[in-house]
Amino acid sequence: MQRYAVRMVFKNGIFDPNGSMDGCEILANDKYGAWGKLLDLTFAKRFALKKKYAYLLIALILVADQTLKIWVKTHMALGDEFPVIGHWFRIHFIENEGMAYGLQFGGPSGKLMLSLFRLAAVIFGFFVLHRIIREGYPKGLVICGALILAGAIGNLLDSMFYGLIFSESDYGVVAHLFPKGGGYAGFLHGKVVDMLYFPIYEGFLPRWIPFKGGEYFIFFQPVFNISDASISVGVIAILLFQKRWLHKPVASSPANAEPAEQHSLSSSENQSVGG
């Protein structure tokens, strides 16, 4: 006897192909063969659609990130700055050895280790994103996974290729794309380009504040890029909504199905027999 694994989702006893996983999972015989093929097709289409949108989001972030970085690299000298919105949003060009928000990590050997770690994280990220889509996790988690993966890829591209395709940026010196003499560094040793600067507050802190009172203070001081922002938004959203998102959808067994759901299955079986 041929058997099909069929995932059927019900709401109030009515089959709902777009419903959440609060239904039941059954093994059906030949009578449900058509249902099984239909539901498998529906699941495959939904999986492909979610995957397509996740990869589209990744592509859009990468295009925006790399376009801005290349423009900054080829039009601004190191340390150059210009205002975008008032005094609190500026484009300020700096480079770093690879960690988020301009943080440094251990010289050439540390840079290589960080680049290799990023590469491994990106490969692992693709597997994780594929899994959360395939297993039906909420769309919010899929979006956040895509944001984190896009950010990791964006900064990895800087580390992998920018040293090969750009000349050195310096104070008063604008870099060139594909210079005749070659790039400024080898593979996996490129510097990450940062430019987004949001000094929302600048001034002296009140003297009554412990430890820092009377000192000059800037908030928010780190300079970052679109990839850094993408990673941060994804991670913060997951932390905020982890109770809602980080649970695997679990299907109940047929024995635990609601009477209305069982009646729906029985009706389908009777119609198949009658046919």
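Keep in mind that this is a model prediction, so the values were computed, not measured.

### Focus: the overall build of the protein
- Regarding its fold elements, the protein presents six helices and 10 strands.
- Sequence separation of at least 24 residues holds for 66% of the intrachain contacts in the protein that already meet a minimum separation of 6.
- Surface summary for the protein: the accessible area is close to 16,000 Å², and the carbon and sulfur share equals 67%.

### Comments concerning the nonpolar core
- One finds Ile 58, Leu 129, Ile 132 and Ile 133 to be the most contacted residues of the largest nonpolar core, which totals 25 residues.
- Looking at this core, the elements with two or more residues in it are helix H1 (33-75), helix H2 (107-134), helix H3 (139-165) and helix H4 (226-240).
- Considering each element in turn, this core owes the most residues, 11 residues, to H3.
- If we skip the residues at most four places from it in the chain, Leu 129 touches Ala 54, Tyr 55, Ile 58, Val 142, Gly 145, Ala 146 and Leu 149.
- Counting residues in hydrophobic clusters, the runner-up holds 13 residues, among them Phe 89, Tyr 162, Tyr 184 and Leu 196.

### Thoughts on the environment of Leu 141
- Inspection of the secondary structure puts Leu 141 in helix H3.
- Residue Leu 141 is classed as buried on the basis of its relative accessible area of 7%.
- Sequence separation between Leu 141 and Leu 246 is 105 residues; the distance between their C-alpha atoms is 7.8 Å.
- Ignoring sequence-local partners within four residues, the contact set of Leu 141 consists of Ile 132, Ile 238, Trp 245 and Leu 246.

### Topic: the environment of Leu 62
- When you line up the elements, Leu 62 lands in helix H1.
- Looking at Leu 62, the relative accessible area reads 18%, which means it is buried.
- Taking C-alpha positions, Leu 62 is 9.5 Å from Asn 155, a pair spaced 93 residues apart along the chain.

### Here's the deal with the sheet that holds strand S10 (residues 223-224)
- Strand order in the open sheet formed by four strands is S5-S6-S7-S10, with antiparallel pairing between adjacent strands. Strands with a single pairing partner mark the edges of an open sheet, and in this sheet they are strand S5 (81-85) and S10.
- Bridge analysis of strand S6 (residues 89-96) against strand S7 (residues 192-197) gives five bridges, and the strand direction is antiparallel. By the bridge assignment, Ile 94 is partnered in S7 with Asp 194.

### Re the packing of H3 against H4
- Where H3 meets H4, the closest approach of the two axes is 7 Å, and the angle between their N-to-C directions is 150°. Compared by their axis directions, H3 and H4 come out roughly antiparallel. Viewed along their axes, H3 and H4 form a crossing whose handedness is left-handed. Note on element contacts: H4 touches H3 through Ser 227, Asp 228, Ser 230, Ile 231, Val 233, Gly 234, Val 235, Ala 237 and Ile 238, opposite Leu 141, Cys 144, Leu 147, Ile 148, Ala 150, Gly 151, Ala 152, Gly 154 and Asn 155.
- Grouping the amino acids of the contact of H3 with H4 by side-chain chemistry returns 11 nonpolar, six polar and one charged.

### Let's talk about a nonpolar patch on the surface
- A contiguous nonpolar surface patch, about 820 Å² in accessible area, is contributed by Trp 71, Phe 82, Val 84, Ile 85, Trp 88, Ile 200, Tyr 201, Phe 217 and Phe 219.
- Those elements that place two or more of their residues in the nonpolar patch are S5 and strand S9 (216-219).
- Considering every element that reaches the nonpolar patch, the biggest residue donor is S5, with three residues.
- Inspection of the secondary structure puts Phe 82 in strand S5.

### Comments concerning the side chain of Ser 115
- Of note, Ser 115 is situated in helix H2.
- Since its relative accessible area comes to 0%, Ser 115 is described here as buried.
- Apart from the residues within four sequence positions on either side, Ser 115 is in contact with Leu 156, Ser 159 and Leu 188.

### Focus: H3
- Counted at 1.5 Å a residue, the expected span for H3 with its 27 residues is 39 Å, and the 37 Å between its end C-alpha atoms agrees.
- Most pronounced at Ser 159, the bend in H3 amounts to some 35°.
- Burial within H3 is extensive, with 20 of its 27 residues counted as buried.

The rules we used
- Residues numbered from 1 in each chain as written.
- Predicted model: local features only at pLDDT ≥ 70, side-chain atom pairs only at ≥ 80, totals over all residues.
- Heavy atoms only, no water.
- Helix = DSSP H or I, 4+ residues; strand = E, 2+ residues; numbered from the N terminus.
- Contact = heavy atoms within 4.5 Å.
- Areas by Shrake-Rupley, 256 points an atom, 1.4 Å probe, with all protein chains shown as cover.
- Core = buried A, V, L, I, M, F, W, Y, C linked by side-chain atoms within 4.5 Å.
- Buried < 20%, exposed > 50% of the residue type's maximum accessible area, 1.4 Å probe, protein only.
- Pairing = 2+ DSSP bridges.
- Axes fitted to C-alpha atoms, helices over the stretch in contact; angles between N-to-C directions.
- Parallel < 35°, antiparallel > 145°, perpendicular 65-115°, else oblique.
- Left-handed = near helix turned anticlockwise from the far one by under 90°.
- Nonpolar A, V, L, I, M, F, W, Y, C, P; charged D, E, K, R; others polar.
- Patch = residues over 30% accessible without salt bridge, like charges linked within 9 Å, V, L, I, M, F, W, Y side chains within 5 Å.
- Salt bridge = Lys/Arg side-chain N within 4 Å of Asp/Glu carboxyl O.
- Expected span 1.5 Å × (residues − 1).
- Bend = angle between axes of the 7 residues up to and from the residue.

So far we have only geometry, and geometry alone does not tell us how the molecule works.
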